[in-house]
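If you want the building blocks of each chain, they are given just below.
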Amino acid sequence: MIPTPHHDPRGHASAWVARFAPLVARGGAVLDIACGGGRHARLFHGGGHPVTAVDIDTRGVADLVGQEGATILQADLEGEVPVDLGGPYAGIVITNYLHRPLLPRLPGLLAPGGVLLYETFAQGNQRHGRPSSPAFLLRAGELLALAQDTGLQVVAFEQGEIALPRAAVVQRLAAVRPLAAPDLDGDPEPRPLPVA
């Protein structure tokens, strides 16, 4: 069971990630990509998941070093040589980060039944400030297309403008590497929808 997000000086867990976190198999390994201050690594670690937190600057998760069930990987995700991210994972979390060459790798890092939780800025955000470069803004439906093109089962998708915690344009995806449901004519096993 994932605990309710608590106050943390490093930041609150994203409401999107917290909502869909229960879809990640109990005790399953979770990868937090571009973890920053580790708000999502802490959310899952506190819920009994082994976590791997990856970032170019790992000072924000230095307190997790040496804790049982926490692996901290200092790595340049945008370097010329792809980073070995391990896997397979029961869950992958990415928020406020976009490096397009990484996108096609994500489904292959998920175990069957594994959950991808992604939330970041999209085109139109330049009206509100940074990030404003198209290199860091998702195109309309880009996360949805990623899921569809790679065979992930979409549980939820949102795209649009938000006001809190600050005005921004975002895309959000919760998707699962499907498990076959033998009684559903080849369709994947449906996932429970957490309460909004």
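About the thresholds
- Residues numbered from 1 in each chain as written.
- Predicted model: local features only at pLDDT ≥ 70, side-chain atom pairs only at ≥ 80, totals over all residues.
- Heavy atoms only, no water.
- Helix = DSSP H or I, 4+ residues; strand = E, 2+ residues; numbered from the N terminus.
- Rg over C-alpha atoms; globule rule 2.2 N^0.38 Å.
- Buried < 20%, exposed > 50% of the residue type's maximum accessible area, 1.4 Å probe, protein only.
- Contact = heavy atoms within 4.5 Å.
- Areas by Shrake-Rupley, 256 points an atom, 1.4 Å probe, with all protein chains shown as cover.
- Pairing = 2+ DSSP bridges.
- Axes fitted to C-alpha atoms, helices over the stretch in contact; angles between N-to-C directions.
- pLDDT = per-residue confidence, 0-100.
- Salt bridge = Lys/Arg side-chain N within 4 Å of Asp/Glu carboxyl O.
- Arc of directions from axis to C-beta.

Draft legend 1. Seen up close, the overall build of the chain. Broken down by element type, the chain carries 4 helices and 7 strands. The linear arrangement of helices and strands in the chain, starting from the amino end, is α-β-α-β-β-β-α-β-α-β-β. Radius of gyration (C-alpha) of the chain: 16 Å, near the 16 Å computed for a compact globule of 196 residues. Over its C-alpha atoms, taken along the principal directions, the chain stretches across nearly 45 × 40 × 35 Å. Going through the 196 residues of the chain one by one, you find that 47% of them count as buried. Residue pairs in contact within the chain that sit at least 24 positions apart in sequence constitute 53% of those at least 6 positions apart. Within the structure as shown, the chain displays about 9900 Å² of accessible surface, and the carbon and sulfur contribution to it stands at 55%.

Draft legend 2. Main features of the sheet that holds strand E2 (residues 51-55). Strand order across the open sheet formed by 7 strands is E3-E2-E1-E4-E5-E7-E6, with mixed pairing between neighbours. If you trace the sheet from one side to the other, it starts and ends with strand E3 (70-74) and strand E6 (153-162), each paired once. Put simply, the sheet's adjacent strands are angled 10° from each other on average, direction ignored. As defined by bridge partners, strand E1 (residues 30-33) adjoins E2 across 4 bridges and the pair is classed as parallel. Among the inter-strand pairings, Asp 32 is bridged to a residue of E2, identified as Ala 53. Running at roughly 15° to strand E7 (residues 168-176), helix H4 (residues 142-150) makes contact with strand E5 (110-121), E6 and E7 of the sheet.

Draft legend 3. Layout of the confidence of the model for the chain. On average, residues of the chain score 90 in pLDDT, and 95% of them are at 70 or above. Below pLDDT 50 for its whole length, residues 1-9 participates in 16 contacts with residues either more than four positions away or in separate chains.

Draft legend 4. Highlighting the pattern of salt bridges. In the structure shown here, the tally under the stated rule is 6 salt bridges. Asp 63 is the salt-bridge partner of Arg 42, the closest N and O atoms lying 2.4 Å from each other. Taken together, the positions of Arg 42 in helix H2 (residues 39-46) and Asp 63 in the loop between E2 and E3 put the pair 21 residues apart, joining distant regions of the chain. Owing to a relative accessible area of 10%, Arg 42 belongs among the buried residues under this scheme. Judged by its relative accessible area of 39%, Asp 63 is partly exposed. Ionic pairing is found between Glu 158 and Arg 172, a salt bridge with its closest N-O pair at 2.8 Å. Remark: Arg 172 occurs in strand E7 and Glu 158 occurs in strand E6; sequence separation between them is 14 residues. The class for Glu 158 is partly exposed, based on a relative accessible area of 33%.

Draft legend 5. Inspection of H4 at higher detail. Considered for burial, the residues of H4 that qualify are Glu 142, Leu 143, Leu 146 and Ala 147. The arc that holds the buried residues of H4, viewed along the axis, is 145°, so those residues lie on one side. Opposite the packed face of H4, turned more than 90 degrees from it, sit the exposed residues Gln 148 and Asp 149. If you follow the buried residues of H4, they end up packed against E5, E6 and E7. Where H4 terminates, the next one or two residues include Gly 151, which has phi positive at roughly 80°.

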